[in-house]
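# Structure assessment
The lines below spell out each chain.
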Amino acid sequence: MIQLTSLLRMRAAHTGNAQRASQLRHLHLSDQPLMLLALKQTGPAARPLAVMLGTDPHRPQLLVAPPSGSTAPMLAALADTVTAYINACQRHREHLPATNNKPARWRYTDAPPRSSSPTPRPCST
């Protein structure tokens, strides 16, 4: 929730209008966010069973681990997909000049946002 609060504060400072976080239901952080949903085995092993991911809600990719054996092929395919997504976000960049305490550097303008995960709310009875 800290990322959302920070984003809402920056928007309020920029636009002059504040919005309550409790009234916010959907927020676009990126034009093509990479959504990832993992299913893992319960218990101390917590073996990954499947991963659904993608940037298009109508065409997700499903990666499934074999019932017994190594999960390495599934995890390798997951790593390839995530790496390709990050590389695609690094196409556009801008040069930032040196300042007093920072050297000149490049900034990616389409960089994906940091990982955001929903916090499950406890059920109220």
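Data block above holds the structure.
Presented here is an overview of the structure given in this document. All values derive from a computational prediction rather than experimental measurement.

The residue threonine 71 is located in the loop between strand S3 (61–64) and helix H2 (72–89) in this model. Sequence-distant contacts of threonine 71, defined by excluding residues within four places in its chain, comprise Arg47, Pro48 and Ala65.

It is worth spelling out the pairing of strand S1 (residues 35–40) at this point. Taken across its six residues, S1 has zero buried, putting it largely on the surface. Of the strand pairs in this sheet, S1 and strand S2 (residues 48–54) are connected by six bridges, and their pairing is antiparallel. Bridging from a neighbouring strand, leucine 39 pairs with alanine 50 of S2.

In this model helix H1 (residues 2–15) runs 20 Å from its N-terminal to its C-terminal C-alpha over 14 residues, within 8% of the 20 Å that 1.5 Å per residue would give. Directly after H1, the chain includes glycine 16, whose backbone phi takes a positive value near 85°.

Right, let's get into H2. Taking 1.5 Å per residue as the helical rise, H2 with its 18 residues ought to reach 26 Å, and the 26 Å between its terminal C-alpha atoms agrees with that figure. For H2, every residue scored as buried is listed here: Met74, Leu78, Tyr85 and Cys89. Mapping the buried residues of H2 onto a view down its axis gives an arc of 50°, with all of them on the same face. Turned more than 90 degrees away from the buried face of H2, the exposed residues are Pro73 and Asp80. Residues of H2 that are buried make contact with S1, S2, S3 and strand S5 (105–108).

On to the nonpolar core. One finds Val51, Leu53, Leu63, Ala65, Met74 and Leu78 forming the largest nonpolar core, which totals six residues. Looking at this core, the elements with two or more residues in it are S2 and H2.

Scoring rules and cut-offs
- Residues numbered from 1 in each chain as written.
- Predicted model: local features only at pLDDT ≥ 70, side-chain atom pairs only at ≥ 80, totals over all residues.
- Heavy atoms only, no water.
- Helix = DSSP H or I, 4+ residues; strand = E, 2+ residues; numbered from the N terminus.
- Contact = heavy atoms within 4.5 Å.
- Buried < 20%, exposed > 50% of the residue type's maximum accessible area, 1.4 Å probe, protein only.
- Pairing = 2+ DSSP bridges.
- Expected span 1.5 Å × (residues − 1).
- Arc of directions from axis to C-beta.
- Core = buried A, V, L, I, M, F, W, Y, C linked by side-chain atoms within 4.5 Å.

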